[in-house]
Amino acid sequence: MYEAPGIGLAATQVDVHKRLVVIDVSEDKSQLRVFVNPEIESAEGIALGEEGCLSVPGIYDKVERAERVRVRYLDLDGNAQVLTAEGLLAVCIQHEIDHLDGKVFVDHLSQLKQTRIKSKLAKQARVTA
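Below: a short report on this structure. Within each chain, residue numbers correspond to sequence positions counted from 1 in written order. In keeping with the predicted nature of the model, local features appear solely for residues at pLDDT of at least 70, side-chain atom pairs appear and are counted solely at 80 or more, and the whole-chain, interface and lining totals rest on all residues. Computation of side-chain values: all heavy atoms of the structure, hydrogens and water removed.

1. A look at the overall build of the protein
(1) Moving on: We count a stretch as a helix when DSSP gives it H or I for four or more residues in a row; a strand needs E for two or more, and each element gets its number in order from the N terminus. For the protein, the count of helices and strands is two helices and seven strands.
(2) Moving on: Its helices and strands taken in sequence order, the protein reads β-β-β-β-β-β-β-α-α from the N to the C terminus.
(3) Moving on: In terms of overall dimensions, the protein is globule-like: its C-alpha atoms have a radius of gyration of 15 Å, near the 14 Å expected for 129 residues.
(4) Moving on: Based on the C-alpha atoms only, the size of the protein along its principal axes is roughly 45 × 30 × 30 Å.
(5) Moving on: Any residue under 20% of the maximum accessible area for its type is buried, any over 50% is exposed, and the rest in between are partly exposed; the area is computed with a 1.4 Å probe on protein chains only. Taken across its 129 residues, the protein has 34% of its residues classed as buried. Two things to know: the radius of gyration comes from C-alpha atoms, and the globule rule equals 2.2 Å times the number of residues to the power 0.38.

2. Examining the nonpolar core
The tendency in soluble globular proteins is for nonpolar side chains to be buried side by side.
(1) Moving on: The set of buried Ala, Val, Leu, Ile, Met, Phe, Trp, Tyr and Cys residues whose side-chain atoms join them within 4.5 Å is what this entry labels a nonpolar core. Counting residues in each nonpolar core, the largest one holds 16 residues, and the members touching the most others are Ile23, Phe35, Val71, Leu83, Ala85 and Ile93.
(2) Moving on: Breaking this core down by element, the ones donating at least two residues are strand S2 (20–23), strand S6 (68–74), strand S7 (80–86) and helix H1 (87–100).
(3) Moving on: Ranked by residue count, the leading element in this core is H1, at six residues.
(4) Moving on: Any pair of residues with heavy atoms lying within 4.5 Å of one another is described as a contacting pair. Ignoring any residue separated from it by four or fewer positions in sequence, one finds Ile93 in contact with Ile23, Phe35, Val69, Val71, Leu83 and Ala85.

3. Concerning the side chain of Asp98
(1) Moving on: Here Asp98 is to be found in helix H1.
(2) Moving on: N or O atoms within 3.5 Å of each other form a polar contact, as long as, within protein, one can give a hydrogen and the other can take it, and as long as residues adjacent in sequence are counted only when both atoms are side-chain atoms. For Asp98, the side chain forms a polar contact with the side chain of His108, separated by 2.6 Å.
(3) Moving on: Residues in contact with Asp98, not counting those within four places in the same chain, are Arg65, Lys103 and His108.

4. A few points about the pattern of salt bridges
(1) Moving on: Take a side-chain nitrogen of Lys or Arg and a carboxyl oxygen of Asp or Glu: if they are within 4 Å of each other, that pair is a salt bridge. Applying the stated criterion to the full structure yields nine salt bridges.
(2) Moving on: Across the salt bridge formed by Glu41 and Arg70, the nearest N and O atoms sit 2.8 Å from each other. Placement of Glu41 in strand S3 (residues 33–44) and of Arg70 in strand S6 is noted, with a sequence separation of 29 residues between them.
(3) Moving on: Look at Glu41 and you get partly exposed, because its relative accessible area is 39%.
(4) Moving on: Between Glu67 and Arg68 there is a salt bridge, with its nearest N and O atoms 3.2 Å apart.

And the structure:
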């Protein structure tokens, strides 16, 4: 995640089939958070912000997400935790839980944008092949 560079990674992105997410939205990469079996209990407000993804390199677009989320999860020691997050952390939590549910951020975009992204990725694949 840090090498990519990224701020979040779901286990499914690295072919680990567990409901596990790691996130670090700090500037100095000093606040790694681990969420085991995360579930969003509630979501409030609307935030529109640009997102990218390590699974869809080079693609960025604006995505509408909840501004605040309350997430229930287990920590590394197996202790139940509840966190209310807002801003970038809230967006990142939603983004990474989407991965656990088989979604990527482009699934939140219009069909037209999805088609353009697929074409762009196919072209990139041809160029690098």
